[in-house]
Amino acid sequence: GDLDKVINLLLSLSGRLARVETALGSLGPHAPAEDKLALREKQRLLVAQLEDAKELKEHVGRREEAVGAMVARYLPAEHLQDYQHFVKMKSALIAEQRELEEKIKLGQEQLRCLRESL
């Protein structure tokens, strides 16, 4: 459960940071200074939060290793491999699901913008 939450947090923060950086890059030279300042402050906060989330992921990883070592004492080798595969695939599938959700949101936003422009 913690792994799910941390991965979702990392993906969310990464996505928000990417959007802020895109917004910063799209500001023209005549954009108000307060807009640039607000976006840079948001970027700074998101970078700090992302670093904190990475530390959380490392902590969860260490805890996962400890749990894996305990599980290894009680499971036969075949079941242990299944458990390890499950844990690894769960992380990958969570990341993939989040990526697909972001693509769907982007597609819906683009579709909305196209409809409005017509």
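Keep in mind the model is a prediction, meaning the values are calculated, not measured.

A look at the pattern of salt bridges
Per the stated rule, a full pass over the model turns up 8 salt bridges. Between Arg19 and Glu102 there is a salt bridge, and its shortest N-O distance comes to 3.5 Å. Of this pair, Arg19 sits in helix 1 (residues 2-26) while Glu102 sits in helix 3 (residues 77-117); the two residues are 83 residues apart in sequence, bridging distant segments of the chain. Here the salt bridges share partners, and the residues they tie into one network are Arg19, Arg98 and Glu102.

A word on the domain arrangement of the protein chain
If you check the domain split of the protein chain, you get domain 1 (1-74) and domain 2 (77-117). Placing a centre on the C-alpha atoms of domain 1 and another on those of domain 2 gives a separation of 16 Å. The interface of domain 1 with domain 2 comprises 12 residues on the first partner and 9 residues on the second. Three residues stand out in domain 1 for area buried against domain 2, namely Asp4, Ile7 and Leu11, and they jointly supply 38% of the buried area on that side.

Comments concerning helix 2 (residues 33-74)
Under the 1.5 Å per step criterion, the end-to-end length of helix 2 is 61 Å for 42 residues, consistent within 8% with the ideal 62 Å. Among all positions in helix 2, only Leu39, Leu46, Leu50, Ala53, Val60, Gly68 and Val71 are buried. Packing partners of the buried residues in helix 2 comprise helix 1 and helix 3.

Points about the packing of helix 1 against helix 2
At a minimum axis distance of 9 Å, the contact between helix 1 and helix 2 shows a crossing angle of 160°. Comparing their axes, helix 2 and helix 1 come out roughly antiparallel. Helix 2 is crossed by helix 1, and the crossing has left-handed handedness. Looking at the contact of helix 1 with helix 2 residue by residue, the class counts come to 16 nonpolar, 3 polar and 10 charged.

Side note on the UniProt feature "coiled-coil region" (unreviewed entry) in the protein chain
The sites that UniProt annotates as "coiled-coil region" (unreviewed entry) are residues 90-117. Counting secondary structure, residues 90-117 comes out at 100% helix and 0% strand; the distance between its end C-alpha atoms is 41 Å.

Some remarks on the environment of Glu102
The partly exposed category is assigned to Glu102, whose relative accessible area is 27%. Distance from Glu102 to Val47, taken between C-alpha atoms, is 20 Å for residues 55 residues apart in sequence.

Let's talk about the nonpolar core
Among the nonpolar cores identified, the biggest contains 14 residues, and Leu10, Leu13, Leu46 and Leu50 are the most heavily contacted of them. For this core, the elements supplying multiple residues, two or more each, are helix 1 and helix 2. Of the residues forming this core, the biggest block, 8 residues, is contributed by helix 1. Those residues in contact with Leu50 that lie beyond four places of it in its chain are Leu10, Leu13, Ser14 and Leu17.

The rules behind the values
- Residues numbered from 1 in each chain as written.
- Predicted model: local features only at pLDDT ≥ 70, side-chain atom pairs only at ≥ 80, totals over all residues.
- Heavy atoms only, no water.
- Salt bridge = Lys/Arg side-chain N within 4 Å of Asp/Glu carboxyl O.
- Helix = DSSP H or I, 4+ residues; strand = E, 2+ residues; numbered from the N terminus.
- Domains from an automatic or database assignment.
- Contact = heavy atoms within 4.5 Å.
- Buried area = accessible area lost by both parts, 1.4 Å probe.
- Expected span 1.5 Å × (residues − 1).
- Buried < 20%, exposed > 50% of the residue type's maximum accessible area, 1.4 Å probe, protein only.
- Axes fitted to C-alpha atoms, helices over the stretch in contact; angles between N-to-C directions.
- Parallel < 35°, antiparallel > 145°, perpendicular 65-115°, else oblique.
- Left-handed = near helix turned anticlockwise from the far one by under 90°.
- Nonpolar A, V, L, I, M, F, W, Y, C, P; charged D, E, K, R; others polar.
- UniProt positions renumbered as here; feature names shortened; annotations may be inferred.
- Core = buried A, V, L, I, M, F, W, Y, C linked by side-chain atoms within 4.5 Å.

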